[in-house]
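Secondary and tertiary structure notes
Chain residues, written in single-letter form:
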Amino acid sequence: MWTFFLPRFDVVRQVLDSGMLGEVRSVLADLGEYFDPAGGHRILRADLAGGPLLDLGTYPVSLATWVLRPAENVQASGQAHPSGVNGQIGAVLDGRAVVHTTLFSDTPSTAVIAGTEGTLQLPGPFYQPGDVVFSPAGGGPPLTYTEPRTGHDGLHFEAAEAARCIRDGLVGTSLRTLPDSVATLRVMDEIRRQCGIVFPGEQPDRTSGRTAT
């Protein structure tokens, strides 16, 4: 998840670790892009496990599970796309995080982390390089971290961390741990189950409601 290696997210990490937000109570994260049904994009192809969840949706879900830790209760629903894939999903995690992803529209694609002492806003697209805005609870002047919005040019930060880990003989990084990835995947599997999303090569498991290969 290249997003977690960006300088922007290092600022988010520092704010969370400092306690500036107080007790974090809510995460709101959205990522939506319009895809022309006639365009033939891979995300619209059912044979390639298309749909937003395993692509766009990984970003809001991973943000929520990282900030709030593993979710115990997931409530999700989705809508089909004319191409035959799932087209839109909304989910609530433990009543504290609201995540949304869609192929139907260009949405604001912003994220908010709200606590008892302040709110952190990530203007869209939140998963790319960009600003971080801290607003104290009850008003007061905001604090803003600004960096150029360079889109996917920020991929090199993840590559640099991978090189550092290899040099130091490490098999993982604290910037994106294996438990973080597993927590994200478990939520996504439950969203899939509730939305009835079955990918090629899978069959519904009628006893548990899950999918089996």
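Before reading further, recall that the structure is shown in the block above.
So, here is what we can say about the structure in this document. The structure displayed is predicted, hence computed values, not measured ones.

The next subject is the overall build of the chain. Tallying secondary structure elements over the chain gives 4 helices and 10 strands in all. Order of helices (α) and strands (β) in the chain, N terminus to C terminus: α-β-α-β-β-β-β-β-β-β-α-α-β-β. In summary, the chain has a C-alpha radius of gyration of 18 Å against a globular reference of 17 Å for 213 residues, a match within 12%. Overall size of the chain, expressed as C-alpha extent along the three principal axes, is 50 × 45 × 35 Å.

If you look at the biggest cluster of nonpolar residues, it comprises 46 residues, and the most contacted ones within it are Val27, Leu63, Val67, Ile113, Leu120, Phe126 and Ile191. Those residues in contact with Val67, other than ones at most four positions away along the chain, are Leu16, Val24, Val27 and Ile113.

Counted by the stated rule, this structure contains 11 salt bridges. Two residues, Arg192 and Asp189, come together in a salt bridge whose shortest N-O distance is 3.9 Å. You can see Arg192 and its partner Asp189 sitting in helix α4 (residues 178-195), 3 residues apart, about one turn around the helix. A salt bridge links Arg193 to Glu190; the nearest nitrogen and oxygen atoms lie 2.7 Å apart. Note that Arg193 and Glu190 are positioned in helix α4 at a spacing of 3 residues, about one turn of the helix.

Right, let's talk about the packing of helix α1 (residues 7-18) against helix α2 (residues 58-68) for a bit. Closest axis-to-axis distance for the α1/α2 pair is 12 Å, and the angle between their directions is 25°. When the axes of α1 and α2 are compared, the pair comes out roughly parallel. Once α1 is placed against α2, the crossing between them reads as right-handed. Residues Phe9, Val12, Arg13 and Leu16 of α1 pack against Leu63, Trp66 and Val67 of α2. Taken together, the residues of the contact of α1 with α2 break down into 6 nonpolar, no polar and 1 charged.

Definitions and limits used
Residues numbered from 1 in each chain as written. Predicted model: local features only at pLDDT ≥ 70, side-chain atom pairs only at ≥ 80, totals over all residues. Heavy atoms only, no water. Helix = DSSP H or I, 4+ residues; strand = E, 2+ residues; numbered from the N terminus. Rg over C-alpha atoms; globule rule 2.2 N^0.38 Å. Core = buried A, V, L, I, M, F, W, Y, C linked by side-chain atoms within 4.5 Å. Buried < 20%, exposed > 50% of the residue type's maximum accessible area, 1.4 Å probe, protein only. Contact = heavy atoms within 4.5 Å. Salt bridge = Lys/Arg side-chain N within 4 Å of Asp/Glu carboxyl O. Axes fitted to C-alpha atoms, helices over the stretch in contact; angles between N-to-C directions. Parallel < 35°, antiparallel > 145°, perpendicular 65-115°, else oblique. Left-handed = near helix turned anticlockwise from the far one by under 90°. Nonpolar A, V, L, I, M, F, W, Y, C, P; charged D, E, K, R; others polar.

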